[in-house]
Amino acid sequence: MKLTYDIKDKPKFGQLLIFAFQQLLAILAATIAVPSIVGNGMSQSAALFGAGVGTIVYLLFTKFRSPVFLGSSFAFLGSMFAAFAGAATAEAGYAGIILGAFFAGLVYVVIAIIVKVAGVKWIDKLMPAVVIGPTVSIIGLSLAGNAVGDTLKFAANEGSGYNMGLHGWVGLICALVTLFVVMICSVFGKKMAKLIPFIIGILAGYLVAAIFTVIGTKTGNENLMVIDFSVFNDMKIFAVPDFTFLTAAKGFSAVDGKYIATIAVAYVPVAFVVFAEHIADHKNLSSVINKELLEDPGLHRTLLGDGVGSMVGAVFGGCPNTTYGESVGCVAITGNASIVTILTTAIMSIVISFFGPFVTFLSTIPACVMGGVCITLYGFIAVSGLKMIQKVDLDQNKNLFVVAVILITGIGGMTLNIGSVTLTEIACALILGIITNVILSKKKDDAVEEKAE
C-alpha cells in the first residue's frame, strides 16, 4: 500500500504527538484489559508502563525497522491464572508471573538462535502465502466478536440475539457515530484529518456519549448513561504504578522447585503457540509497509525483541507482551509507518502511567465507542490477509483446500485445551493449514499435468 510516512520518516513534533496519541488509543483497551481480567490486584498503569518499556526494547532489537507496538498478550491469560492459582501466597504469584515471562522469553531466544543459524527460507516453504494469508485474516476475524460485543455492550445478549432497549440503542448510536466519523475522515479527509481518523472518531463518539450521560444524569434516566464519571472522584494527580517486581520481591522466598516446574509447564508451550502468531503478525505488517521484515531486520531480531521485551515488560507490569494487531491496523488505515511515531507512543505510555487524570480519562472511554473503532481495525487485519492470497491460484484444488481448512477452523473457533495449554483458534487453523499444505503441495498444478500428458 502507499504510505504517507515511511519507516524512516519523521513527522513534525506537534503532529508526532497527535499520531502517537492515536496509536495509544488504538492499543489502550486491550493492553489494560489483561491485568483487569487476571485480577489479584494487578495494576493497569503498571501494564501500560511495561508495554511502553517492552516496545522500546523491541525497537532496539529490531534496529528501529519494525513499526509496531507491543501490548499485553491475551494468549498468556491461562498461564497467568495458573501462576496465581498454584502460588503459596499472593506475592509468590507475582513472582511466578515474572518467572513465567522469562520462561516464555527464553523460548523466543532459543528459536531466534535457531533461525539465525538456519535462516528463514524454511518458513517461506512451510508457510507460503496460501497459508499465511488466510491465517492473518483469522487474526482479524477471531476478534470480530469482541468488536461487536463492545459495540453492543449496553444491550442485553440473550444468546439468539441482542435485546436492544434504550440503553442498547444509545450505545449503538455512540458506536456508529465513531465508526462513520473514522471512515469519513479516512476516505474523504484532507491532510491531518486523514492521518488521525481514530482520534477524531473517538472524540466524536465520546462527545455523543457525554451528551447522553449528562441528559441521563439530569433526568434521572440511567438508560442514557454510558460514561461513568464517578471514577474521577478518587483520582490522584500523580501516582507511581504498582510495579510487579516490587510485590514479587516479597514472594520469591515462597517459590520452590515444584512451583517453578508448574510455571514452566504453564508458559513454555504457550510461547510456541504465540511464535506462530508472531510470524503471521509480521507477515501482515510486511505486506502493509511493503518490506519483508522476516529478512530485514530478520526474524531472529523480531523474536529477540518480542521475547526480551516480554521479559522486561513483565518485570514492571506482570504481562508478557506481543505485537498488536490494533497497532498494525492503525498503520494500515492511516498509512503512517513512521518508527518515530511508535517510539513516541512507547514513551507516552510510560509517562502517562504516572498521571492519574490522563489514565482516568482514557479509562472512561465507553466500550461502545472503542467497539466502533475496532470494527475498522480488526476488519483491516482480515482484509490485509485476503490481499496476501490475491496472487494465489484458487482454481487449483490444492490451494483451495488449504485456504478452506484455515478459514473454517479459525472462524468456527476450533480451540483445544491440552492439559494446561490452550491452542487458540489461530494456532489450530495455522497448524492444520501447514499440515494440509505439506500433504497437498506435492500435487503438481493441473495445467502442468495436462501439458505433461
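Our structure's up above, just so we're on the same page.
Here, residues in each chain are numbered from 1, in the same order as that chain's written sequence. Confidence filtering applies because this is a predicted model: local features only for residues at pLDDT of at least 70, side-chain atom pairs given and counted only at 80 or more, and all residues used for totals across whole chains, interfaces and linings. Each side-chain value is worked out from all heavy atoms of the structure, with water and hydrogens disregarded.

Draft legend 1. A look at the overall build of the protein chain. A run of H or I in DSSP counts as a helix once it spans at least four residues, and a run of E counts as a strand once it spans at least two, with each numbered from the N terminus. Within the protein chain one finds 20 helices and six strands. The globule rule used for comparison is 2.2 Å times the number of residues to the exponent 0.38, while the radius of gyration itself is calculated over C-alpha atoms. Whereas a compact globule of 453 residues would reach a radius of gyration of roughly 22 Å, the protein chain reaches 22 Å, a difference of no more than 12%. Taken across its 453 residues, the protein chain has 53% of its residues classed as buried. In this analysis, two residues are considered to be in contact whenever any of their non-hydrogen atoms come within 4.5 Å of each other. Nonlocal contacts in the protein chain, meaning residues at least 24 apart in sequence, comprise 80% of its contacts between residues at least 6 apart. Only the protein chains shown count as cover for residues, with accessible areas throughout obtained via the Shrake-Rupley method and a probe of 1.4 Å. When the accessible surface of the protein chain is totalled, it reaches about 19,500 Å², and 67% of it is carbon and sulfur. Here the protein chain holds 27 positive side-chain charges and 26 negative ones, and the gap between their average locations is 10 Å. Remark: exposure states derive from per-residue accessible area (1.4 Å probe, protein chains only) relative to the maximum for the residue type, with buried under 20%, exposed over 50%, and partly exposed in between. Asp and Glu count as negative and Lys and Arg as positive, but His and the ends of the chain are not part of the count. We put the charge of a Lys on NZ, of an Arg on CZ, of an Asp on CG and of a Glu on CD.

Draft legend 2. Summary view of the environment of G413. Along the chain, G413 falls in the loop between helix 18 (397-411) and strand 5 (416-418). On the basis of relative accessible area, G413 is assigned to the partly exposed category, the value being 36%. Linking G413 and S142, residues 271 residues apart in sequence, is a C-alpha distance of 7.7 Å.

Draft legend 3. Geometry of helix 16 (residues 356-363). Burial in helix 16 covers these residues: G356, T360 and L362. The buried residues of helix 16 occupy an angular sector of 160 degrees when the element is viewed end-on, so they sit on one face. Each direction from the helix axis to a C-beta atom contributes to the arc, which is the arc of those directions.

Draft legend 4. How the structure looks around the packing of helix 6 (residues 129-141) against helix 18. The angle between two axes is taken between their N-to-C directions and runs from 0 to 180 degrees, where each axis is a line fitted to C-alpha atoms and a helix contributes only its stretch in contact. Packing of helix 6 against helix 18 leaves a shortest axis separation of 9 Å and a crossing angle of 20 degrees. As far as their axial angle goes, helix 18 and helix 6 are roughly parallel. The two elements helix 6 and helix 18 cross, and the hand of that crossing is right-handed. Along its contact with helix 6, which presents V130, V131, P134, T135, I138 and L141, the element helix 18 presents N399, V402, V403, I406, L407, G410 and I411. Gly is placed with the polar residues, together with every amino acid not listed as nonpolar (Ala, Val, Leu, Ile, Met, Phe, Trp, Tyr, Cys and Pro) or charged (Asp, Glu, Lys and Arg). For the contact of helix 6 with helix 18, the per-class residue count stands at 10 nonpolar, three polar and no charged. Working rule for angles: under 35 degrees goes down as roughly parallel, over 145 as roughly antiparallel, 65 to 115 as roughly perpendicular, anything else as oblique. Should the near helix be turned counterclockwise from the far one by less than a right angle, the crossing is left-handed, whereas a clockwise turn marks it as right-handed.

Draft legend 5. Geometry of the pattern of salt bridges. The salt bridge criterion pairs a side-chain nitrogen of Lys or Arg with a carboxyl oxygen of Asp or Glu, the two atoms within 4 Å. Taken as a whole and judged by the stated rule, the model has three salt bridges. For the salt bridge of K283 with E292, the shortest nitrogen-to-oxygen distance reads 3.7 Å. Under the relative-accessibility criterion, K283 is labelled buried at 14%. Taking relative accessible area as the criterion, E292 reaches 28% and is therefore assigned partly exposed. Of the charged contacts in the structure, one is a salt bridge between D296 and K291, with a shortest N-O distance of 3.6 Å. Residue classification places D296 among the partly exposed positions, given a relative accessible area of 28%. For K291, a relative accessible area of 26% translates into the label partly exposed.

Draft legend 6. How the structure looks around helix 10 (residues 197-219). Expected span of a helix, by definition, is 1.5 Å for each gap between consecutive residues, and there is one gap fewer than residues. The end-to-end C-alpha distance of helix 10 is 33 Å, a good match for the 33 Å that 23 residues give at a rise of 1.5 Å each. Where helix 10 terminates, the next one or two residues include G220, which has phi positive at roughly 75 degrees.

Draft legend 7. Summary view of the side chain of S66. By the element assignment, S66 lies in the loop between helix 2 (44-61) and strand 1 (70-72). Residue class for S66 comes out buried when judged on its relative accessible area of 0%. By the criterion applied in these results, polar contacts are pairs of N or O atoms within 3.5 Å in which, for protein atoms, one can donate a hydrogen and the other can accept it, and in which residues neighboring in sequence qualify only through two side-chain atoms. For S66, the side chain forms a polar contact with the side chain of Y58, separated by 2.6 Å. Not counting chain neighbours up to four residues away, the residues in contact with S66 comprise Y58, L59, H282, L285, L293 and I339.

Draft legend 8. Broad picture of the packing of aromatic side chains. Aromatic pairing here means that ring centres of Phe, Tyr or Trp (its six-membered ring) are within 6.5 Å. Orientation follows from the plane angle: under 30 degrees is stacked, over 60 is edge-to-face, and everything else is tilted. Scanning the model with the defined rule gives 13 aromatic pairs in all. Ring geometry for F76 and Y267: centres 5.6 Å apart, planes at 20 degrees, overall stacked. Residue F76 is located in the loop between strand 1 and helix 3 (77-85), and its partner Y267 is located in helix 12 (residues 257-289); the two are separated by 191 residues in the primary sequence. Comparing F76 with Y267 shows no difference in burial state: the two are buried. Aromatic side chains Y206 and F361 sit 5.3 Å apart centroid to centroid with 55 degrees between the ring planes, which places their arrangement in the tilted category. In this pair, Y206 sits in helix 10 while F361 sits in helix 16, placing the two residues 155 residues apart along the sequence. A relative accessible area of 24% means that F361 is categorised as partly exposed. Put simply, the rings of F49, F238, F243, F245, F316, F354 and F355 pair up and form one aromatic cluster.

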